[in-house]
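Structural description and commentary
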Amino acid sequence: MVLGSRSLTRQRRSSLCSLSSSNSFLDTDPAAPISSSATSTTITETLTKKVSFDAPYTLLTDRHRTTHKPSSNKFVQPPTPRVKHVNPAWGRFAGNEWLTVMGCGAIVLFCPLLALLASVCLKDFNGGLFPTLWAFFTTHPVEFIVRYAPRPSAGALTAYAAWLLFQAALYAWLPSPIGYGQRTPAGHLLPYRVNGIHAWVVTHVIAVVAVYAGVLDPAVIAKNWEGLLVAANIYGYILAVVAYLKAHLFPTHEADRKFSGSMVYDFYMGIELNPRFGEWWDFKLFHNGRPGIVAWTLINLSFAAWQYQLHGYISNSMVIVNILHAFYVVDFFINEDWYLRTIDICHDHYGFYLAWGSMVWLPGTYTLQAQYLARYPVNLSTPVAAAILLIGLSGYAVFRSVNYQKDIVRRTNGECKIWGMKAEVIRTTYKTEDGKVHESLLLCSGWWGVVRHANYLGDLVLSYSGCAVCGVHNILPWWYAVFMTALLLQRCVRDHSRCSGKYGEDWERYCRRVKWKLIPGVY
């Protein structure tokens, strides 16, 4: 496990190859603090980089392991550490293989179709995936569209636009601590407004008050789901096109762009790493961490209300889905600063993959269990319901514990205890494209000494528990777990490739020490 200057996966938020130590000052300029919780930093100080350093810091080269304290606020430049491996291309895979390009093109064309097809499956085929696919392949396309396709509506388009503007206003104007991402391949250390928990609370309080006052139907999202899904698809495509054009015409950080030589791959995976308008409006953080994920819990609650309106009760399976998903969403926002140093923010460039995925795939498919249960309730026996809930919460506990270990090692520069013993780390270095050398820690004790991606394992336990409450009669509500399995296994491969290029022999040493990637003794 790597720590440098947390990982949704998904948000998911995901294990990541590096987090720079907040105590490792190895740049030619004073590095900004990792989190505003560590020091009181104003926006003006952030933009001008006038940040004082009064806390002791440690030099972590092979030759120097003594503690120093800067005099007053004057920054002292420590000796440059020895670089064992230099590969500035660790930012992203080139993506010029023809098979990869074809796969990306197919996803751009057909994934929106899959998202809409799930809605058709639930509405017209009793949640049966195979009958839906049979009708799709045996019916003339025009006839299938006319008979089954979700319809756009002016009301849904207007409501969706208002939702985006409302979340944008909260993102821009709510009080916000300042968080910092990981240093980019070009050497940038970017500040972020991390007020997601405030946005989530304000949004849900307004929704509850509106429902209580009789102004808002609690099932309004569920009843207008088809139109909202179409609106989200339209916006997802527009956002991807805007991101592609912006990367070419007015990029935020030119040196952090990646061109593969394929327009299709660049459109899908993105060119810019951290596209922004101005100093603070960050495309990634807003779209990945506001409209879709704030809506996640609202969508679940709306379908729970619709289940009550349709059937006269709310099933225990629906309650469990809402509890497990709420744990995940609220945890994401409480630890939003952690998300700034995950694979989504630090390594994935901004293209269709993140733009459409965060606006359509996340709210459309992560809520399939609630959508399914609203129409087709599943009533679990008390022992089964209790067991599933306990297993799901156990998965969350593992997920949180794993990320806590990573975070505390990062914050203390390895000077802490994991499971009652001193944290074991491999101290390594990497070099960014601006020629600067930075240090990182590879954590190899605690959960991270058992497997390399223990947080993914906790994530999968939580995901499968949420699907299990839907029973095994239909496969559709299990799609979320299947998708998460494929996503996280693929991220295991991507993480290994990236970290191998970034840390070289130190990463190989870590892999020899921690043999298993995800499940001990299996993989």
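Residues numbered from 1 in each chain as written. Predicted model: local features only at pLDDT ≥ 70, side-chain atom pairs only at ≥ 80, totals over all residues. Heavy atoms only, no water.

Right, let's talk about the overall build of the protein chain for a bit. When helices and strands are counted, the protein chain shows 20 helices and twelve strands. A buried classification covers 57% of the 523 residues belonging to the protein chain. In the structure as shown, the protein chain presents an accessible area of about 21600 Å², 67% of it carried by carbon and sulfur atoms. (Helix = DSSP H or I, 4+ residues; strand = E, 2+ residues; numbered from the N terminus. Buried < 20%, exposed > 50% of the residue type's maximum accessible area, 1.4 Å probe, protein only. Areas by Shrake-Rupley, 256 points an atom, 1.4 Å probe, with all protein chains shown as cover.)

Moving on: the pairing of strand E11 (residues 425-431). Every other side chain in a regular strand lies on the same face of the sheet, so the side chains alternate between the two faces. Within E11, five of the seven residues are buried, which leaves the element mostly enclosed by the surrounding structure. Across seven bridges, the pairing between E11 and strand E12 (residues 437-443) is antiparallel. Residue tyrosine 430 lies in a different strand from E12, and its bridge partner there is histidine 438. (Pairing = 2+ DSSP bridges.)

Attention shifts here to the packing of aromatic side chains. How two aromatic rings sit relative to each other is set out by the distance from centre to centre and by the angle between their planes. Applying the stated criterion across every chain, the model contains 36 aromatic pairs. Between phenylalanine 277 and phenylalanine 283, the ring centres sit 5.0 Å apart and the planes meet at 70°, which makes this aromatic pair edge-to-face. We classify phenylalanine 277 as partly exposed; its relative accessible area is 42%. The buried category is assigned to phenylalanine 283, whose relative accessible area is 3%. Measuring from centroid to centroid gives 6.2 Å for tryptophan 338 and phenylalanine 399, while their planes differ by 80°, and the two rings are edge-to-face. Of this pair, tryptophan 338 sits in helix H13 (residues 336-339) while phenylalanine 399 sits in helix H17 (residues 382-412), placing them 61 residues apart in sequence. The lysine or arginine in question, arginine 276, covers the ring of tyrosine 192, its NZ or CZ lying 4.6 Å from the ring centre. Between lysine 502 and the ring centre of tyrosine 430, over which it is positioned, the NZ or CZ distance is 4.1 Å. (Phe/Tyr/Trp six-rings, centres within 6.5 Å; stacked < 30°, edge-to-face > 60°. Lys NZ or Arg CZ within 6 Å of the ring centre and 35° of its normal.)

Another aspect to go through is a nonpolar patch on the surface. On the surface, a cluster of nonpolar side chains totalling about 490 Å² of accessible area is made up of Val241, Leu245, Leu249, Phe250 and Phe277. Counting residues per element, the nonpolar patch draws most heavily on helix H8 (residues 225-249), which supplies three residues. (Patch = residues over 30% accessible without salt bridge, like charges linked within 9 Å, V, L, I, M, F, W, Y side chains within 5 Å. Salt bridge = Lys/Arg side-chain N within 4 Å of Asp/Glu carboxyl O.)

Using the criterion set out here, one finds 18 salt bridges in the structure. The residue arginine 290 makes a salt bridge to glutamate 336 at a minimum N-O spacing of 2.6 Å. With arginine 290 in the loop between helix H10 (283-289) and helix H11 (291-311) and glutamate 336 in helix H13, this residue pair connects regions lying 46 residues apart in the sequence. Look at the salt bridges and you will find they share partners, linking Asp407, Arg410 and Arg411 into a network.

In this model, the protein chain carries a mean pLDDT of 81, and residues with pLDDT of at least 70 account for 81%. pLDDT under 50 marks residues 4-92. Its contacts with residues more than four places away, or in other chains, come to 286 contacts. (pLDDT = per-residue confidence, 0-100. Contact = heavy atoms within 4.5 Å.)

The next point concerns the UniProt feature "transmembrane region" (unreviewed entry) in the protein chain. Under the feature "transmembrane region" (unreviewed entry), the UniProt entry names residues 98-120, 156-174, 194-215, 227-245, 313-330, 350-368, 380-399 and 461-489. Secondary structure across residues 194-215 divides into 77% helix and 0% strand, with the first and last C-alpha atoms of the span separated by 31 Å. The annotated region residues 350-368 carries 79% helix and 0% strand content, and the separation between its end C-alpha atoms amounts to 26 Å. (UniProt positions renumbered as here; feature names shortened; annotations may be inferred.)

With that settled, the discussion passes to unusual backbone geometry. Although it is not a glycine, asparagine 413 sits at a positive phi angle of roughly 60°. Unusually for a residue other than glycine, tryptophan 419 sits at a positive phi of about 55°. Along the chain, tryptophan 419 turns up in the loop between strand E9 (417-418) and strand E10 (421-422).

Mapped onto the elements, serine 260 comes out in the loop between H8 and helix H9 (263-269). Of the residues examined, serine 260 reaches a relative accessible area of 9% and is grouped as buried. Each C-alpha atom, one on serine 260 and one on glutamate 97, is 9.6 Å from the other, the two residues being 163 residues apart in sequence.

Now for the environment of histidine 188. Position of histidine 188 among the secondary structure elements: in the loop between strand E5 (178-180) and strand E6 (191-193). Separated by 67 residues in sequence, histidine 188 and alanine 255 have C-alpha atoms that sit 9.6 Å apart. Ignoring any residue separated from it by four or fewer positions in sequence, one finds histidine 188 in contact with Gln182, Arg183, His253 and Asp256.

A word on helix H15 (residues 352-365). In a regular helix each residue adds 1.5 Å, so 14 residues correspond to 20 Å; H15 covers only 17 Å between its end C-alpha atoms and thus falls short of that length. Helix geometry: H15 is bent most strongly at serine 358, by close to 50°. Counted residue by residue, H15 has 14 buried out of 14 residues, so it is predominantly covered. (Expected span 1.5 Å × (residues − 1). Bend = angle between axes of the 7 residues up to and from the residue.)

With respect to the element layout, histidine 253 can be found in the loop between H8 and H9. The exposure class assigned to histidine 253 is buried, which follows from its relative accessible area of 18%. Not counting the four nearest positions on each side in its chain, histidine 253 is found in contact with His188, Leu190, Glu272 and Asn274.

When a protein is soluble and globular, its nonpolar side chains tend to lie buried together. Within the largest apolar cluster, 98 residues are counted, with the highest numbers of intra-cluster contacts made by Trp296, Phe303, Leu373 and Val469. Mapping this core onto the domain boundaries places at least three of its residues in each of domain 1 (95-379) and domain 2 (387-522). Among the nonpolar cores identified, the runner-up in size contains eleven residues, and Val402, Ala423, Trp448 and Val451 belong to it. (Core = buried A, V, L, I, M, F, W, Y, C linked by side-chain atoms within 4.5 Å. Domains from an automatic or database assignment.)

Space inside the second largest pocket adds up to approximately 890 Å³. Taken together, 36 residues form the lining of the second largest pocket, with Trp163, Leu216, Val220, Ile221 and Leu298 sitting closest to its centre. When contributions to the lining of the second largest pocket are tallied by element, the ones reaching two or more residues are helix H5 (154-173), helix H6 (196-212), helix H7 (220-223), H8, H11 and H15. Tallied by class, residues from the lining of the second largest pocket come to 29 nonpolar, six polar and one charged. (1 Å grid on protein atoms, 1.4 Å probe; cavity = no way out; pocket = protein on both sides within 12 Å on 5 of 7 lines; lining within 4 Å. Points joined across faces, edges and corners; volume = space filled by probe spheres on them. Nonpolar A, V, L, I, M, F, W, Y, C, P; charged D, E, K, R; others polar.)

The geometry of H5 relative to H11 is characterised by a closest axis approach of 10 Å and an angle of 110° between their N-to-C directions. As summarised for this structure, H5 and H11 are arranged roughly perpendicular, according to the angle between their axes. The two elements H5 and H11 cross, and the hand of that crossing is right-handed. For the pair formed by H5 and H11, the contact residues are Trp163, Leu164 and Gln167 on the first element and Pro291, Val294, Ala295 and Leu298 on the second. For the contact of H5 with H11, the class distribution of residues is six nonpolar, one polar and no charged. (Axes fitted to C-alpha atoms, helices over the stretch in contact; angles between N-to-C directions. Parallel < 35°, antiparallel > 145°, perpendicular 65-115°, else oblique. Left-handed = near helix turned anticlockwise from the far one by under 90°.)

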